[in-house]
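# Observations on the three-dimensional arrangement
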Amino acid sequence: MLSPAVLLLLAWMIVPLTMTIYFSFLRYNLLSPGINAWAGWSNYQYFLTDPAFFAALTNTLLLVVGVLLITVIGGTLLALLLDQPIWGQGVVRILVLAPFFVMPTVSALVWKNMFMNPVNGLFAYAAKAVGLQPFDFLAHAPLASIILIVAWQWLPFAALILLTALQSMDQEQMEASEIDGAGPFSRFFYLVLPHLSRAITVVILIQTIFLLSIFAEILVTTNGGPGYASTNITYLVYAQSLLQFDVGGGSAGGIIAVILANIVAIFLMRMIGKNLEA
């Protein structure tokens, strides 16, 4: 009964991974078809010693940490707001969650052309309205701009998970603490935040796995530039494989990216396990 699922898994994951590992040991360039000499570990050595790799690794870590900070803190505040009894609560929740269903390419285009455009974007109009010079976000703060775009898209996901956890909280505890004289900040730090800790851990795990492979937002907005200012590991692998036509080097970079992603995933899974046991 399990054979169809196993065969699908082999065809969908194992075969491409095996081919990538094989290509990573070849000197395989698309400009020289048919010349696939064995390269050994030279592709890995080249990729790991390339200065662009360290810049991309740093940008990847900054991107993940920056988005997680915005989404976890903002998602917690947004969940607290959505949990309040307000008029039109259902419509407000739908509108808040809508950005998560927008395709990354579309959201990047909207932010690039409608908000961050230094000539006719909304931010430029707002700056001119108060007598300031428009700021070219994508040219002078490319990585911060991408962090903002990605965080805007992932904020509803964090808010949804945290709102679900918040609604499962025992209201009798909150009422008893309020009767005992606990203020809103005390109730938040001693009751609400510990209750949300598991949900926050799940949000961090799921988002980290996806944030390590952010690509569309960078391709649409900055193309990894200026220089390597907004290049992450995923975009570096793309540039090595399809822009420089070095399939062998790009495959080696892809394997390195998979290894790094698995290390992070294992670390986060262990953290979740300890959190659940506690």
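For the structure itself, consult the block above.
Attention here is on the structure that accompanies the text.

Rules used in this analysis
- Residues numbered from 1 in each chain as written.
- Predicted model: local features only at pLDDT ≥ 70, side-chain atom pairs only at ≥ 80, totals over all residues.
- Heavy atoms only, no water.
- Axes fitted to C-alpha atoms, helices over the stretch in contact; angles between N-to-C directions.
- Helix = DSSP H or I, 4+ residues; strand = E, 2+ residues; numbered from the N terminus.
- Parallel < 35°, antiparallel > 145°, perpendicular 65-115°, else oblique.
- Contact = heavy atoms within 4.5 Å.
- Nonpolar A, V, L, I, M, F, W, Y, C, P; charged D, E, K, R; others polar.
- Buried < 20%, exposed > 50% of the residue type's maximum accessible area, 1.4 Å probe, protein only.

## Concerning the packing of helix α4 (residues 89–97) against helix α8 (residues 142–167)
- Running from N to C, α4 and α8 cross one another at 140°; their axes reach a closest spacing of 9 Å. With respect to α8, the element α4 is oriented oblique. In contact with Arg93, Val96 and Leu97 of α4, α8 contributes Pro156, Leu160, Leu163 and Gln167.
- Partitioning the contact of α4 with α8 into residue classes produces five nonpolar, one polar and one charged.

## Some words on the environment of Gly249
- Among the secondary structure elements, Gly249 is positioned in helix α13 (residues 247–277).
- Sequence separation between Gly249 and Tyr28 is 221 residues; the distance between their C-alpha atoms is 8.0 Å.
- Every residue in contact with Gly249, bar those within four places of it in the chain, is listed here: Asn43, Phe47 and Gln240.

## Some words on unusual backbone geometry
- Geometrically, the link from Gly225 to Pro226 is a cis peptide bond, its omega value of -5° lying close to zero.
- Looking at the element boundaries, Pro226 is found in the loop between α11 (216–221) and α12 (233–243).
- Unusually for a residue other than glycine, Asn223 sits at a positive phi of about 55°.
- Structurally, Asn223 can be placed in the loop between α11 and α12.
- Taking relative accessible area as the criterion, Asn223 reaches 46% and is therefore assigned partly exposed.

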